[in-house]
Structure formats: C-alpha cells, structure tokens
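What follows is the residue order along each chain.
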Amino acid sequence: MAAPLPNIPYSPGPEMVCSNCGVTMPLISAFCPGCGESMRELPVADRLAASFSYFTFIPAAVFLLLPGFRNRRFVRFHAWQSVLMWGAYVVLSLSALFLSNISAAMFFLIAGILASLAVFFAWIVLAIKSWQGERFDLPLFGAFAERLR
Ligand SMILES: [Zn+2]
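Caption draft 1: Representation of a nonpolar patch on the surface. Among the surface-exposed residues, Phe57, Ile58, Val62, Leu66, Val90, Leu94, Leu97 and Phe98 lie close enough to one another that they form a single nonpolar patch of about 780 Å² accessible area. Listing elements by their share of the nonpolar patch, those giving two or more residues are α2 (57-65) and α3 (73-99). No other element matches the 4 residues that α3 contributes to the nonpolar patch.

In structure tokens form, the structure reads like this:
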C-alpha cells in the first residue's frame, strides 16, 4: 500500500518545445501534441538532405521526386521551400530581364543585386538551420512549403 502523497504543488518536470509549432510538452514525448511532428532527433541523412536541398533548386527537385523521401516531411518542407525561393528568384530575374530598357536598366541592376544578396543570405541561413535540424520559415514561402510537403 502506497502512503498518501503529501500536498506538493504540481511541478511539470523537464519540458521541451516543438521546433515545428512551438508547443511545450514533456521531455519524454515521442510526438508533438500540437502538430504531431516526431520528437525523436532527426537522422543525419535527413538534415544533410534538407541542408543540401538549398544548393539551387536542382537537388530539392530530385528529393521531391525520389520515392525514398516521400515520408521525410522535414526534408520535403525544406525542399519545397528551396524550390519556391529559387523559383521566385528565377521568375523575378527573367521578368526583370525582359522588362528592362535603358532607362530602367540601373533600377533593375540594383534590384537584381539586392535580390541576389537576399537569396544568397537566405540560402546560407536555411542551409545551416536545416542542418541543425531546425525549421526556418521564409515569409510566404514557408507557409506554402508546409502545405505542399
Ligand atoms: Zn508541434
């Protein structure tokens, strides 16, 4: 027979935060109660693939097409985000090229340089974040990638 427990205020014990949705849960949780994401540590292969998928959109497209990655939601999120980011960059660059004339050339040159820098910076940040097993949502693209994966 166990003795009645003394009146100790409830203490939740060690907790962790979901990197996918931000919900707090006990450290021992296997799945997030908020979004259902697996809380086991991501395999190195997944993090490597996710990080590599930002190296232009080509590896990302390959990962999305390979049947082996169909259930790797972390990789697929980053692959989709990469495809969306690079796709937007290519479309904007091409439309700038077609629209440019002499008077607009300087504007498009400067805008093009700024867009290139932004994509380059985002690329570095996203490659590092995904390698660390984190999600990092780009504005707009992140929400799309979440629905597509
Ligand atoms: Zn979650």
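Caption draft 2: The nonpolar core, seen in detail. Membership of the largest hydrophobic core is limited to 7 residues, which are Tyr54, Met85, Trp86, Val119, Ala122, Leu126 and Leu138. Look past the residues within four positions of Met85 in its chain and what remains in contact with it is Tyr54, Val119, Ala122, Trp123, Leu126, Leu138 and Phe141. The next biggest cluster of nonpolar side chains, apart from the first, holds 5 residues, and it includes Met16, Cys18, Met25 and Met39.

Caption draft 3: α3, seen in detail. With 27 residues, α3 extends 38 Å from end C-alpha to end C-alpha; this agrees with the ideal 39 Å at 1.5 Å per step. Residues Phe74, Val75, Arg76, Phe77, His78, Ala79, Gln81, Ser82, Met85, Trp86 and Ala96 constitute the buried set of α3.

Caption draft 4: Just the environment of Phe74, in detail. The residue Phe74 is located in helix α3 in this model. We classify Phe74 as buried; its relative accessible area is 6%. Aside from chain neighbours lying at most four places away, what touches Phe74 is Leu42, Asp46, Arg47, Ala50, Ser130, Gly133, Glu134, Arg135 and Arg149.

Caption draft 5: Geometry of the packing of α2 against α3. Running from amino to carboxyl end, α2 crosses α3 at an angle of 135 degrees, the nearest separation of the two axes being 8 Å. In terms of orientation, α2 lies oblique with respect to α3. In the packing of α2 onto α3, the handedness of the crossing is left-handed. Across the interface between the two elements, Phe57, Ala60, Ala61, Phe63 and Leu64 from α2 touch Val75, Arg76, Ala79, Trp80, Ser82, Val83, Trp86 and Val90 from α3. A class-by-class count of the residues in the contact of α2 with α3 yields 11 nonpolar, 1 polar and 1 charged.

Caption draft 6: Fine view of α2. Buried within α2 we find Pro59, Ala60, Phe63 and Leu64. Each buried residue of α2 sits inside an arc of 140 degrees when the element is viewed along its axis, so together they form one side. Exposed and facing more than 90 degrees away from the buried side of α2 are Ile58 and Leu65. In the core, the buried residues of α2 are packed alongside α1 (44-52) and α3.

Caption draft 7: Seen up close, unusual backbone geometry. Within the chain, Thr56 stands out as a residue other than glycine whose phi angle is a positive 60 degrees. Inspection of the secondary structure puts Thr56 in the loop between α1 and α2. Even without being a glycine, Leu140 presents a positive backbone phi close to 70 degrees. Within the element layout of this structure, Leu140 appears in the loop between α4 (102-131) and α5 (141-148).

Conventions adopted
- Residues numbered from 1 in each chain as written.
- Predicted model: local features only at pLDDT ≥ 70, side-chain atom pairs only at ≥ 80, totals over all residues.
- Heavy atoms only, no water.
- Patch = residues over 30% accessible without salt bridge, like charges linked within 9 Å, V, L, I, M, F, W, Y side chains within 5 Å.
- Areas by Shrake-Rupley, 256 points an atom, 1.4 Å probe, with all protein chains shown as cover.
- Salt bridge = Lys/Arg side-chain N within 4 Å of Asp/Glu carboxyl O.
- Helix = DSSP H or I, 4+ residues; strand = E, 2+ residues; numbered from the N terminus.
- Core = buried A, V, L, I, M, F, W, Y, C linked by side-chain atoms within 4.5 Å.
- Buried < 20%, exposed > 50% of the residue type's maximum accessible area, 1.4 Å probe, protein only.
- Contact = heavy atoms within 4.5 Å.
- Expected span 1.5 Å × (residues − 1).
- Axes fitted to C-alpha atoms, helices over the stretch in contact; angles between N-to-C directions.
- Parallel < 35°, antiparallel > 145°, perpendicular 65-115°, else oblique.
- Left-handed = near helix turned anticlockwise from the far one by under 90°.
- Nonpolar A, V, L, I, M, F, W, Y, C, P; charged D, E, K, R; others polar.
- Arc of directions from axis to C-beta.

Function-wise, these values are silent; they only describe arrangement.
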